[in-house]
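# Summary of the model geometry
Below are the chains, spelled out letter by letter.
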Amino acid sequence: MKNIKEKFRRYLRLQKGLSPNTLEAYLHDVSLLFSWVAEKEGGDASIDDKIKQLKLADLEEFSASLFDLGIAPSSHARILCGVRALYRFLEIDGFIDQDPSELLESPIQAKHLPEVLSTVEVDMLKAAIDLSKWEGHRNRAIIEVLFSCGLRVSELVTLKLSQVYEEERYVRVMGKGSKERLIPISEDAIKELHLWYDDRNKMVIKKGEEDYVFLNRRGAHLTRTMILIMIKQYAKDAGIKKTISPHTLRHSFATALLEGGCSLRAIQAMLGHESIGTTEIYTHIDMTTLRDEIEHHHPRNITS
């Protein structure tokens, strides 16, 4: 018989359809609970048995231990999310009669608004790219697709040629939980892709990588780390002082849509958010922008 962690892994992969990265994050967080139980309880009983016997008070004690370790509220909440998923699985599969994590509370988190780039700043990023280098047009296309479609970086690096419908001006993306969505793609992004395709067509492409849109110089698809390093370097070269990442372009996409009058529901669909609550953070960003506009332009705020 496989142990609980292995059964949980199978449940997450087959029934929940989680991506490999999300799956590993859940297992890592749950391992913290297993380690805590092993250290606290000791004794002869197996860890699996002890996990099944935990009550709400035990889980609250585990949560308090995370606080004592100085774990950030966002990471603390994520770990407890994994613990809840574990106990839902144990109840569904009949290992326990009642889920003790139902009333387990997460720490209160302060709302931190993500950095966003204006269209001008996105253009500054693109202008910082040296088009004399072989990867120049590729990197301009990467930035434009991220900004125009709001893709997660994991979705960008796995984007296939067969998922880009130029005539219909849509891309088909497989997001979190293997959920598919269609996202409009701009004329600018299509133009940048064509310039990249001219260079891409001259490459020797590794077998099995032929359908990936974005490739490295060895003809294989890119990694998330490569995109992160590239965007941070261009931000530095462009003189952009904000702390940005590929996800900043996703935030910028959503914020630009909201400022342009797009509905939250439409933005939710394009971002692939399961809950509208996740999308609502962009209303806070929009209000921050409005407040800045008032402070700078209202006559009562202008000093002579």
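To start, this report covers the structure provided alongside it. Computed from a predicted model, the values in this text were never measured in an experiment. (Residues numbered from 1 in each chain as written. Predicted model: local features only at pLDDT ≥ 70, side-chain atom pairs only at ≥ 80, totals over all residues. Heavy atoms only, no water.)

### Here we look at the overall build of the chain
Condition: Think of it this way: any DSSP run of H or I at least four residues long counts as a helix, any run of E at least two long counts as a strand, and we number them from the N terminus. Only protein chains enter the calculation, and the probe is 1.4 Å; a residue is then buried if its accessible area is under 20% of its type maximum, exposed if over 50%, and partly exposed in between. Contacts: residue pairs with any heavy atoms within 4.5 Å of one another. Per-residue and other accessible areas follow the Shrake-Rupley method at a 1.4 Å probe size, with only the shown protein chains counted as cover for residues.
The helix and strand inventory of the chain stands at 14 helices and three strands. Scored against the burial criterion, the 304 residues of the chain give a buried share of 41%. Residue pairs at least 24 apart in sequence account for 55% of intrachain contacts in the chain once pairs closer than 6 positions are excluded. Accessible surface, the chain: about 17400 Å² in total, of which carbon and sulfur atoms supply 52%.

### Some points on the environment of Trp 196
Cut-off, in case you're wondering: Side-chain atoms alone can form a polar contact between residues adjacent in sequence; in general such a contact is a pair of N or O atoms within 3.5 Å, and within protein one must be able to donate a hydrogen while the other accepts it.
Counting through the fold element by element, Trp 196 comes out in helix H9 (residues 187-200). Separated by 58 residues in sequence, Trp 196 and Arg 138 have C-alpha atoms that sit 4.9 Å apart. Non-local contacts of Trp 196, meaning those with residues more than four positions away in its chain, are made with Trp 134, His 137, Arg 138, Ala 141, Met 203, Val 213, Phe 214 and Leu 215. A distance of 2.8 Å separates the side chain of Trp 196 from the backbone oxygen of Val 213, its partner in a polar contact.

### Here we look at the packing of helix H2 (residues 20-41) against helix H4 (residues 56-68)
Going by this rule: Angular values range over 0 to 180 degrees, each being the angle between N-to-C directions of two axes fitted as lines to C-alpha atoms, with helices fitted over their stretch in contact. Any angle that is under 35 degrees is reported as roughly parallel, and any over 145 degrees as roughly antiparallel; angles of 65 to 115 degrees are reported as roughly perpendicular and all others as oblique. Note that Gly is not counted as nonpolar here; it falls among the polar residues with everything else outside the nonpolar set of Ala, Val, Leu, Ile, Met, Phe, Trp, Tyr, Cys and Pro and the charged set of Asp, Glu, Lys and Arg.
It is the contact of H2 with H4, at a shortest axis distance of 11 Å, that shows an interaxial angle of 105°. In terms of orientation, H2 lies roughly perpendicular with respect to H4. For the pair formed by H2 and H4, the contact residues are Leu 32, Leu 33, Trp 36 and Lys 40 on the first element and Asp 58, Leu 59, Glu 61, Phe 62 and Ser 65 on the second. Partitioned by chemical class, the residues of the contact of H2 with H4 number five nonpolar, one polar and three charged.

### A word on the side chain of Ser 63
Within the element layout of this structure, Ser 63 appears in helix H4. When neighbours within four sequence positions are excluded, Ser 63 is seen to be in contact with His 76, Leu 80 and Glu 105.

### With respect to a nonpolar patch on the surface
The cut-off we apply is this: Here the term patch refers to residues with relative accessible area over 30% and no salt bridge, with like charges joined within 9 Å and nonpolar side chains (Val, Leu, Ile, Met, Phe, Trp, Tyr) within 5 Å. For salt bridges, the criterion is a side-chain nitrogen of Lys or Arg within 4 Å of an Asp or Glu carboxyl oxygen.
Taken together, the side chains of Tyr 165, Tyr 170 and Leu 182 define a hydrophobic patch exposed on the protein surface, amounting to about 280 Å² of accessible area. For Tyr 170, the position within the fold is in strand S2 (residues 170-174).

### Here we look at the pairing of strand S3 (residues 180-184)
Our working definition: Here the rule is simple: two strands pair whenever DSSP picks up at least two bridges between them.
Only one face of S3 is buried: it carries Arg 181 and Ile 183, and the other face, with Glu 180, Leu 182 and Pro 184, is open. Pairing analysis gives five bridges linking S2 to S3, with the strands arranged antiparallel. Looking across to S3, one finds that Val 173 is bridged to Arg 181. Between S2 and S3, which pair antiparallel one after the other, the connecting turn spans five residues, and Gly 177 there sits at a positive phi close to 65°.

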